[in-house]
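These are the residues of each chain, in order.
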Amino acid sequence: MEKIYMIPVNDAYSSECDCPICCLRDKAEANELDYYLGPSLMEPDTRKITNKTGFCPEHLGKLNKREANRLGLGLMLHTHLKDLRDDIAPDIEASIPSKASLFKGRSSDYKTKLNQAADKIERRVATCPICDKLNDSMMHSVEVICYMFLHDSEFKEKFIHAKSHCLPHTAMLLRAASKLSQNDAADFVAALYENNKKYFDPLIDDVEWFTLKFDYRNNDKPWGNSKNAIQRSMRFIASDRSDFDDKQTRNGK
Ligand SMILES: [Zn+2]
Ligand SMILES: [Zn+2]
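None of these values were measured; they are calculated from a predicted model. (Residues numbered from 1 in each chain as written. Chains lettered and ligands numbered in written order. Predicted model: local features only at pLDDT ≥ 70, side-chain atom pairs only at ≥ 80, totals over all residues.)

Trainee: Explain the overall build of the chain here, please?
Mentor: Within the chain, the regular secondary structure consists of twelve helices and zero strands. The helix and strand sequence of the chain, counted from the amino end, reads α-α-α-α-α-α-α-α-α-α-α-α. Taken over C-alpha atoms, the radius of gyration comes to 24 Å for the chain, far larger than the 18 Å a tight globule of 253 residues would show. Burial status across the chain gives 17% buried among its 253 residues. (Helix = DSSP H or I, 4+ residues; strand = E, 2+ residues; numbered from the N terminus. Rg over C-alpha atoms; globule rule 2.2 N^0.38 Å. Buried ≥ 20, exposed ≤ 12 C-beta atoms within 10 Å, placed from the backbone.)

Trainee: What is the right way to read the domain arrangement of the chain from this model?
Mentor: Interfaces are often sized by the accessible area lost when the parts come together. With domains assigned, the chain is organised as domain 1 (20-99 + 108-131) and domain 2 (142-252). If you average the C-alpha positions of domain 1 and of domain 2, the two centres end up 32 Å apart. Listed as interface residues are four residues of domain 1 and, on the opposing side, six residues of domain 2. Its residues placed into classes, the side of domain 1 that touches domain 2 shows three nonpolar, no polar and one charged. (Domains from an automatic or database assignment. Contact = placed C-beta atoms within 7 Å. Nonpolar A, V, L, I, M, F, W, Y, C, P; charged D, E, K, R; others polar.)

Trainee: Just to check I follow, could you spell out the environment of Asp206 for this structure?
Mentor: With respect to the secondary-structure elements, Asp206 resides in helix α10 (residues 182-212). When the C-alpha atoms of Asp206 and Ile230 are compared, they prove to be 8.8 Å apart, with 24 residues separating the residues in sequence. Not counting residues up to four positions away in its chain, the partners in contact with Asp206 are Asn225, Ser226 and Ala229.

Trainee: How do you make sense of the environment of Ser14 when you look at a structure like this?
Mentor: Following the sequence through the fold, Ser14 ends up in helix α1 (residues 3-14). On the basis of neighbour counts, which here come to 12 C-beta atoms within 10 Å, the residue Ser14 falls in the exposed class.

Trainee: Looking at this model, I keep getting lost on the nonpolar core. Mind explaining?
Mentor: Soluble globular proteins: nonpolar side chains tend toward being buried together. Among the nonpolar cores identified, the biggest contains 21 residues, and Val9, Tyr13, Ile145, Phe149 and Leu173 are the most heavily contacted of them. If you list the elements that add at least two residues to this core, you get α1, α2 (20-37), α7 (129-151), α8 (153-160), α9 (167-177) and α10. Counting residues per element, this core draws most heavily on α7, which supplies four residues. Taken domain by domain, the makeup of this core includes at least three residues from each of domain 1 (20-99 + 108-131) and domain 2 (142-252). Leave out the neighbours within four places in its chain, and Val9 touches Leu24, Ser141, Val144, Ile145 and Met148. (Core = buried A, V, L, I, M, F, W, Y, C linked by C-beta atoms within 7 Å.)

This is the structure:
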């Protein structure tokens, strides 16, 4: 395993994130957003891809929020919209059902055509080179994590004592473990399970205490760790997202 892959993993596990893999993903995503908003947006090779794929709804939103390279984005969207129109508009037109008449009976064919046109639109709108690259890089990261756990005792300690791993990334780690030998997988998954339990159980208590704080009899009792329990639960269930910002709790109650 090359060192260059291990450094970011080590950094993430040395930081204070709730889930180190979410940290790795956020960094990789920020790099991708920089890349697509940088000079590459004008390069013919990149344009050939983005003209065709565009970006998924989530990454369109993130590209927009950066407020950078509006001209590049505009040029990309202009070609992408034309590509979408040329691909999709004929399908929409072809899906218009012909009216049933005395000569042409009713047919349920039109339902299939309508659903096919809808499927195609949904498929095209979801296509995203940033998602593709992130999926590849996260798959690789979890393999690096397994490798380091088994070969680097210092990292193994860091893994065991990580704050937590969110559920989507726990699933990725379990999949990566399925490629290990049975004995290696036994060590790795036992550590993952202990780490998971250490966060999961208190989180449930914190959310419960958050709800109990709404009872006036608990008004003067301390919040403990429960003030951001809603956001932490969401991050744990769904992986970190900017909409799960802790500040929203403080403004709330
Ligand atoms: Zn995560
Ligand atoms: Zn995406």
